[in-house]
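Working through the structure, step by step
Chain residues, written in single-letter form:
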Amino acid sequence: QQKLETRNFSIRKHVLEYDMVMNRQREIIYGRRNYFLDESEIMDEINQIMDEFIDDCISNFGNNSNSVNNWDIEGLGNELLESLSINISNEIQNISDSESMKKLIKENMLQIINYKQNDIGDKIFNNFIKFISLREIDKKWKEHLNAMDQMREGINLRAYGQKNPLIEYKQEGYAMFQVMMEETNKETLKRIFRTDLSKIGQSNIQATQNTKNLKT
């Protein structure tokens, strides 16, 4: 009886530790969702997402160098053009380091954001951003939950290879979460920057108000 109770406690503790990994990720996701549900926080959160996107671009194309001369400039330019419709080819010759590059990209992004905001008005623009952001967060989060469930189902097999399944789960789960957040930021900005808002009416964007809370 004692051995059985000890084993059951061990199983419950193991499940709890796995759940704690997901709970931390869930806190981050719901925190971001709540910012977009608060009208006063929307633009601050978009600014945060833009900064994260820029950092990811520098990380992906900067080749761990502060000097732009060592970067994959063509790859960076293509990423900005494809995702944001931003062309920096005529401005890049005066850029020498990562901070200058970040500033250049952010200035270009803010010009477009400000133009769109002024073109259709703050309220409609905020509703549009809220709708797009919540949709992308929910979509990517559900995909991530499914991927994490699949990984968890097979993770215990790692024990046969003398590896700690929980440590493996935490490490891979963190890496998957980072990728998910990066993809969510990219897709959110892509929708915001590449959508022609002049063709979007108030009635289309107000679908935001019917957005349901995420239940997963």
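The paragraphs below set out a description of the structure included in this document. (Residues numbered from 1 in each chain as written. Predicted model: local features only at pLDDT ≥ 70, side-chain atom pairs only at ≥ 80, totals over all residues. Heavy atoms only, no water.)

1. Considering the nonpolar core
Met101, Met109 and Phe193 are the most contacted members of the largest nonpolar core, which totals 47 residues. Elements with a minimum of two residues in this core: α1 (2-37), α2 (42-61), α3 (73-84), α4 (98-120), α5 (122-155) and α6 (165-194). At 11 residues, the largest contribution of residues to this core is made by α5. Those residues in contact with Met109 that lie beyond four places of it in its chain are Met50, Phe53, Ile54, Leu84, Ile86, Leu189 and Phe193. (Core = buried A, V, L, I, M, F, W, Y, C linked by side-chain atoms within 4.5 Å. Buried < 20%, exposed > 50% of the residue type's maximum accessible area, 1.4 Å probe, protein only. Helix = DSSP H or I, 4+ residues; strand = E, 2+ residues; numbered from the N terminus. Contact = heavy atoms within 4.5 Å.)

2. Re unusual backbone geometry
Notably, Asn63 is not glycine yet its phi reads approximately 50°, a positive angle. For Asn63, a relative accessible area of 48% corresponds to the partly exposed category. Unusually for a residue other than glycine, Asn64 sits at a positive phi of about 55°. Here Asn64 is to be found in the loop between α2 and α3.

3. So, the packing of α5 against α6
Where α5 meets α6, the closest approach of the two axes is 9 Å, and the angle between their N-to-C directions is 155°. Between α5 and α6, the angle is such that the two are roughly antiparallel. Between α5 and α6 the crossing geometry is right-handed. Across the contact of α5 with α6, the residue classes tally to 15 nonpolar, five polar and nine charged. (Axes fitted to C-alpha atoms, helices over the stretch in contact; angles between N-to-C directions. Parallel < 35°, antiparallel > 145°, perpendicular 65-115°, else oblique. Left-handed = near helix turned anticlockwise from the far one by under 90°. Nonpolar A, V, L, I, M, F, W, Y, C, P; charged D, E, K, R; others polar.)

4. Thoughts on the side chain of Thr184
Assignment of secondary structure puts Thr184 in helix α6. Within polar-contact distance, the side chain of Thr184 engages the backbone oxygen of Met180 at 2.7 Å. Filtering out sequence-adjacent residues up to four positions away, Thr184 remains in contact with Glu136, Ile137 and Lys140. (Polar contact = N/O pair within 3.5 Å; in protein donor to acceptor, adjacent residues only side chain to side chain.)

5. So, the packing of α3 against α6
Packed helix pairs are specified by the crossing angle of their axes together with the interaxial distance, meaning the distance between the axes. It is the contact of α3 with α6, at a shortest axis distance of 7 Å, that shows an interaxial angle of 65°. Every residue of α6 that contacts α3 at Glu79, Leu81, Glu82, Ser83 and Leu84 is listed here: Lys186, Leu189, Lys190, Phe193 and Arg194.

6. Quick notes on the environment of Glu52
Counting through the fold element by element, Glu52 comes out in helix α2. Judged by relative accessible area, which is 23%, Glu52 ranks as partly exposed. Considering only alpha carbons, one finds Glu52 and Glu182, 130 residues apart in sequence, at a separation of 7.9 Å. In contact with Glu52, other than residues within four places in its own chain, are Arg32 and Asn185.

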